[in-house]
Amino acid sequence: MSSMSSVAGLSKYIRTLPKAKSSLLMIIVTSFIIGAILFLAKPMSIGSGLENFIYGGAFGFVVFGLPAIITGSTDQKWVDSLHGINLKAKHSMFLALVSMTLAGAVSIIGTAVGHILHWDLFINSILFGSVLAFAFNILVIWSTTRIKLFKSVLIAIIQPLLMIGMLIITSFLNNIEAVFELGIIGTIFKVIIASIIFLLAIYSFIRVVESPMKKNLGFGALEILSYFILHMNEGSNTIEELFDNAGEAIDTIVGVASFRRFDGSIKSLFISPCVHPGPLGDIGGSNMPTILANNFDTFAMVAHGPSTHDFNPVSSKEIVKIEDAVRKALENMEYSSKASEFVRYSYKKANIGVQFFKNGSIMLSTFAPSGSDDIEFAVGLATMIESQKELDIKNPILVDCHNSFNAEKGGVLPGNPELFQLLDTIKLIEKKDLEHEIRVGCYHTDLGGFDKHQGIGESGLKTMVIEVNGQRTAYVLFDSNNMELGFRETIFNAVKDFDIVDEIEVMTTDTHTVNTLSAGYNPVGTVEKEKIIDYIKLSIIESINDLEPVEVGTNTERILNLKTFGPNNSTELISTISSIVAVSKIIAPLTFIVAIIFVLVWIFLL
């Protein structure tokens, strides 16, 4: 699996949390159950079994439930007053619920162990659970809210302090000195020291994972984490400011084929920018295919040009520069009513479908049925230059069809055998004369109820049928991030049996808006295959019904000063995050296990 796949895969941990009211109800029920189980683990001489159960449940609600309700209701206000982010009402209440459950579970386990060993660990178990709740609170609040450490501590400590306070109050009817062996002051001191141990462990861990990214990119892991969560929760693109500061300006190219009616109006545009629609969600250029297409008052297909995550725009505002280049290409466009038929060529794994137009061609490249990922810009540029030389054309428009997903297969990079296979395929292509009139028909559908869950982005499905000399070729474009391995061939067989077009190629835009709901990638075709094929057939029929004579022109234009992640920074970001994740898998357990051992010894044995 590629590095970006591993990084994007972290998005699977983002989940929709329950509403605040649901968490509140769970706090009440769970705290009662915790208390009841505690009293079963350490039987109390209160009365009958039912009375013990009720008294234990009440004890659990007072000691665990009330502090959770209070902090769940107030933590959000504290964070807002300190200009923090991400902690809304439902997050605050859910955090209180998780912290309470953690403290309760530890208390039950400790009390049960004490009962088995005939030791009274009831109070110390609750104290240990409270300290663990503090550690969990500080880790979450400090790492996600953009609040400084000291202020985060003040917020995180409220819930465990309230729990200990409620424990003291409920024990007031007993002999406090007997219940708390060290007395109230000694017990509080014990809790403070234990909390400091965890705080030092958390601080050390965060600094270890923060420093590489801060040193290499100028921003820390906590910044990117908190702003990423903010984007997931609220759609905020504040994270783009980080990328903008670390980004690099590049020049790249965009290929444009324009199909114009004889009255001068444009019927459709086929655009292939060498810009990558990433990194994920709606960040940067992730929704570029839709945004760019919607900026033109006509049917527009934005295909995936050769590019990798190095060429992710740092913000959606950069897409205007791509639009400007497309409009400039249209201004200098030369048109002809003649075109060639669509022909396929292949060499080893490389497959290219070619159709020639005025001054250029559209070349649809794929390595299907073998799996592949992005074609790197330098590879695409070399292929286009080779086609200019071999075919004597001015404007080769190369498309990475991105239609054969394999999680274990990386991109096509300089030096890979696939590069030379592409170049050798170009050598096989025979330039066709433009002898025949061209007709074009288009159709766009959002595929009904399909959305990100099925790997379909905002632009849905776009189909353009080109008819030349009686040959009908369907250009089918999904607003998706790649296609399940083998689904392309399934589509081809279904359309062949349909017997309504002579040729077809399916492409995806590589939009990364669909990547927030799955383990990194979310290729089309993993679900609802038959429905998708039915939509393809419908789109082809409607496109054929829309056929009309047009003239066509091609052009390529440079996109200047596009602010992207940059070749160095993109690789640096991905490798740094990957290394942080890898190191954290070792450092985190080691750090916190050592801290837990120290706290266990401090609370239970000293």
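Residues numbered from 1 in each chain as written. Predicted model: local features only at pLDDT ≥ 70, side-chain atom pairs only at ≥ 80, totals over all residues. Heavy atoms only, no water.

Notes on the overall build of the protein chain
Here's step 1: Helix and strand counts for the protein chain come out as 18 helices and 13 strands.
Here's step 2: Counting only C-alpha atoms and orienting by the principal axes, one finds that the protein chain spans roughly 100 × 50 × 40 Å.
Here's step 3: Going through the 606 residues of the protein chain one by one, you find that 56% of them count as buried.
Here's step 4: Surface exposure of the protein chain reaches about 25100 Å², of which carbon and sulfur atoms provide 60%.
Here's step 5: Separation between the mean location of the 45 positive side-chain charges and that of the 60 negative ones in the protein chain comes to 4 Å. (Helix = DSSP H or I, 4+ residues; strand = E, 2+ residues; numbered from the N terminus. Buried < 20%, exposed > 50% of the residue type's maximum accessible area, 1.4 Å probe, protein only. Areas by Shrake-Rupley, 256 points an atom, 1.4 Å probe, with all protein chains shown as cover. Lys, Arg positive; Asp, Glu negative; His and termini not counted. Charge placed at Lys NZ, Arg CZ, Asp CG, Glu CD.)

Some words on the side chain of Ser539
Here's step 1: Among the secondary structure elements, Ser539 is positioned in helix H17 (residues 529–545).
Here's step 2: One polar contact links Ser539 to Thr463, side chain to side chain, over a distance of 2.8 Å.
Here's step 3: When sequence neighbours within four positions are dropped, the list of residues in contact with Ser539 reads Tyr443, Leu461 and Thr463. (Polar contact = N/O pair within 3.5 Å; in protein donor to acceptor, adjacent residues only side chain to side chain. Contact = heavy atoms within 4.5 Å.)

Focus on the confidence of the model for the protein chain
Here's step 1: A residue-level look at the protein chain finds 92% of positions with pLDDT of 70 or above and a mean pLDDT of 88.
Here's step 2: Considering only residues more than four positions removed or in separate chains, one finds that residues 1–8, a stretch of pLDDT under 50, has 17 contacts.
Here's step 3: Below pLDDT 50 for its whole length, residues 10–14 participates in twelve contacts with residues either more than four positions away or in separate chains. (pLDDT = per-residue confidence, 0-100.)

Focus: the nonpolar core
Here's step 1: Residues Leu38, Phe64, Met213, Ile224 and Leu573 are the most contacted members of the largest nonpolar core, which totals 75 residues.
Here's step 2: The dominant element in this core, judged by the number of residues it contributes, is helix H5 (residues 122–144), at 13 residues. (Core = buried A, V, L, I, M, F, W, Y, C linked by side-chain atoms within 4.5 Å.)

Side note on unusual backbone geometry
Note: most peptide bonds trans; most residues except glycine with negative phi.
Here's step 1: The omega torsion across Gly278 and Pro279 is 15°, close enough to zero to call that bond cis.
Here's step 2: Here Pro279 shows up in the loop between strand S2 (266–273) and helix H12 (288–294).
Here's step 3: Following Ala368, the chain continues into Pro369 via a peptide bond in cis, with omega recorded as 5°.
Here's step 4: Here Pro369 shows up in the loop between strand S7 (360–366) and helix H14 (377–391).
Here's step 5: In the Ramachandran plot, Asp392 falls in the positive-phi region, its phi being about 55° despite a non-glycine side chain.
Here's step 6: Secondary-structure assignment places Asp392 in the loop between H14 and strand S8 (395–400).

Focus on the pattern of salt bridges
Here's step 1: By the definition in use, this model includes 20 salt bridges.
Here's step 2: We note a salt bridge from Arg327 to Glu323, for which the minimum N-O separation is 2.9 Å. Of this pair, Arg327 and Glu323 both sit in helix H13 (residues 319–331), four residues apart, which is roughly one turn of that helix.
Here's step 3: For Glu484, the salt bridge is made with Lys529, and the minimal N-O distance between the two is 2.8 Å. With a gap of 45 residues between them, Glu484 in the loop between strand S11 (471–478) and helix H16 (487–498) and Lys529 in helix H17 connect regions that are remote in the sequence.
Here's step 4: Overall, the relative accessible area of 24% leaves Glu484 in the partly exposed class.
Here's step 5: Residue Lys529 is classed as partly exposed on the basis of its relative accessible area of 30%. (Salt bridge = Lys/Arg side-chain N within 4 Å of Asp/Glu carboxyl O.)

Examining a nonpolar patch on the surface
Here's step 1: Together, Leu25, Ile28, Val29, Ile33 and Ile37 line one region of the surface with nonpolar side chains, adding up to about 410 Å² of accessible area.
Here's step 2: With respect to the helices and strands, Val29 occurs in helix H2 (residues 20–41).
Here's step 3: Overall, Val29 belongs to the partly exposed group, its relative accessible area being 44%. (Patch = residues over 30% accessible without salt bridge, like charges linked within 9 Å, V, L, I, M, F, W, Y side chains within 5 Å.)

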